[in-house]
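Examining the three-dimensional arrangement
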Amino acid sequence: MIDEAFGRGSDDSARFGLELFKQLNLQLLVITPKQKIHVIEPYVSHVGFVSNPEGHQSQLRTLSIDEHLAEKAKRQALQATIRVVNSE
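These remarks concern the structure in this document. (Residues numbered from 1 in each chain as written. Predicted model: local features only at pLDDT ≥ 70, side-chain atom pairs only at ≥ 80, totals over all residues. Heavy atoms only, no water.)

**A closer look at helix 3 (residues 65–87)**
Going by this rule: Secondary structure counts use DSSP, requiring at least four H or I residues in a row for a helix and at least two E residues in a row for a strand, with both numbered from the N terminus. What a helix should span is 1.5 Å times the count of its residues minus one. It only takes one pair of heavy atoms within 4.5 Å for two residues to be counted as in contact.
For helix 3, spanning 23 residues, the distance from its first C-alpha to its last is 33 Å, which sits close to the expected 33 Å at 1.5 Å a residue. On its buried face, helix 3 is in contact with helix 2 (37–40), strand 1 (46–51) and strand 2 (59–64).

Put into structure tokens, the structure is as follows:
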């Protein structure tokens, strides 16, 4: 398990580490800030998002990487549509 993975390093150093772990055929549990998820996406099969909206009971949502990428693409398409509408 790697906690707070790659949060402070560069994307390149994170990719280097992930490539090394891949070559060593290691199975990892990677805990990373959401802003670094784009770096680990090519290396993982599942993602889990933990939230605690009310401050007393955490919630975990688990998705396959394919489900995560599909939802991400939908969000990006929606954001692009909103930007176009707002610019008109």
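**Description of the pattern of salt bridges**
Test applied: By definition here, a salt bridge exists when the distance from a side-chain nitrogen of Lys or Arg to a carboxyl oxygen of Asp or Glu is within 4 Å. Whether a residue is buried, partly exposed or exposed follows from its accessible area with a 1.4 Å probe, protein chains only, as a fraction of its type maximum: under 20%, in between, or over 50%, in that order.
Using the criterion set out here, one finds four salt bridges in the structure. The shortest N-O distance in the salt bridge between aspartate 12 and arginine 15 comes to 3.5 Å. Here aspartate 12 pairs with arginine 15, and both are found in helix 1 (residues 11–23), just three residues apart, close to one helical turn. A salt bridge links glutamate 71 to arginine 61, with the shortest nitrogen-to-oxygen separation between them at 2.6 Å. Taken as a pair, glutamate 71 in helix 3 and arginine 61 in strand 2 lie far apart in primary sequence, ten residues in all. Of the residues examined, arginine 61 reaches a relative accessible area of 43% and is grouped as partly exposed.

**Overview of a nonpolar patch on the surface**
Spelled out, the test is: In this analysis, a patch consists of residues with relative accessible area above 30% that form no salt bridge, clustered at 9 Å for like charges and at 5 Å for the nonpolar side chains Val, Leu, Ile, Met, Phe, Trp and Tyr. In short, Shrake-Rupley with a 1.4 Å probe defines the accessible areas, and a residue's cover is counted only from the protein chains shown.
Together, Phe16, Leu20, Leu24, Leu26 and Leu28 make up an exposed nonpolar region whose accessible area comes to about 480 Å². Tracing the chain through its elements places leucine 28 in the loop between helix 1 and helix 2.

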